[in-house]
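# Coordinate analysis (summary)
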Amino acid sequence: REMYIGCYGNSKLYLGPDKAKKYCLCTINKLSERYSDQEIDLIFQKKPEEIMKATEFAAIYCENK
């Protein structure tokens, strides 16, 4: 839930509310397919560069949907 709120808050500024909702749900679903909840928590405690590297696959996939 926290991850969705953070994603939505940032994304709606440049995507608009409807696209931001779809993008964030897609991204969270893709991350959940690859990582456990505990792994996601650990990833988001890292430096921004490391977070981007670990989540890039989901962002790219969902940007193109």
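Attention in this report is confined to the structure presented alongside it. (Residues numbered from 1 in each chain as written. Predicted model: local features only at pLDDT ≥ 70, side-chain atom pairs only at ≥ 80, totals over all residues. Heavy atoms only, no water.)

## Thoughts on the overall build of the protein
Here is the rule: Think of it this way: any DSSP run of H or I at least four residues long counts as a helix, any run of E at least two long counts as a strand, and we number them from the N terminus. As a reference, a globule follows 2.2 Å times the number of residues to the power 0.38, and the radius of gyration itself is taken over C-alpha atoms. To sort residues, take the accessible area from a 1.4 Å probe on protein chains only and compare it with the maximum for the residue type: under 20% means buried, over 50% means exposed, and anything in between is partly exposed. Whether two residues are in contact is decided by their heavy atoms: any pair within 4.5 Å suffices.
Secondary structure summary: the protein contains 4 helices and 0 strands in total. Along its sequence from the N terminus, the protein presents helices and strands in the succession α-α-α-α. Taking 2.2 N^0.38 as the reference for a compact globule, 65 residues should give roughly 11 Å; the C-alpha atoms of the protein span a radius of gyration of 11 Å, in line with that estimate. Principal-axis analysis of the C-alpha atoms gives the protein an extent of 30 × 20 × 20 Å. Per-residue burial for the protein yields a buried fraction of 29% across its 65 residues. Contacts in the protein between residues at least 24 apart in sequence constitute 43% of all its contacts with a sequence separation of at least 6.

## Some details on the nonpolar core
Which entries qualify depends on this criterion: Definition of nonpolar core: a set of buried residues of the types Ala, Val, Leu, Ile, Met, Phe, Trp, Tyr and Cys, connected through side-chain atoms within 4.5 Å.
L31, Y35, I40, I43, I51, A54 and A58 together form the largest nonpolar core, which totals 7 residues. Of all the secondary structure elements, the ones that give two or more residues to this core are helix 3 (37-43) and helix 4 (48-63). Here this core takes 3 residues from helix 4, the largest share from any one element. For A54, the residues in contact, after removing those within four places along its chain, are L31, Y35 and I43. Ranked by size, the runner-up nonpolar core spans 6 residues in total, among them Y23, C26, A59 and C62.

## Describing the state of the cysteines
Using the following cut-off: Note that a disulfide, as used here, is simply two cysteine sulfur atoms within 2.5 Å.
Tallied over the full model, the rule gives 2 disulfides. Two residues, C7 and C24, share a disulfide whose sulfurs are 2.1 Å apart. Its S-S torsion of about -90° marks the bond between C7 and C24 as left-handed, since a negative value means left-handed. You can see C7 sitting in helix 1 (residues 2-15) and its partner C24 sitting in helix 2 (residues 17-34), a full 17 residues away along the chain. Take C7 and C24: they sit in the same class, and that class is buried.

## Description of the pattern of salt bridges
Rules: Between Lys or Arg on one side and Asp or Glu on the other, a salt bridge is scored when a side-chain nitrogen of the former is within 4 Å of a carboxyl oxygen of the latter.
In the structure shown here, the tally under the stated rule is 1 salt bridge. In this structure, K30 and E33 form a salt bridge, with 3.2 Å as the shortest nitrogen-oxygen distance. On the criterion of helical spacing, the pair formed by K30 and E33 is a turn pair, its members being 3 residues apart in helix 2. Its relative accessible area of 59% is what places E33 among the exposed residues.

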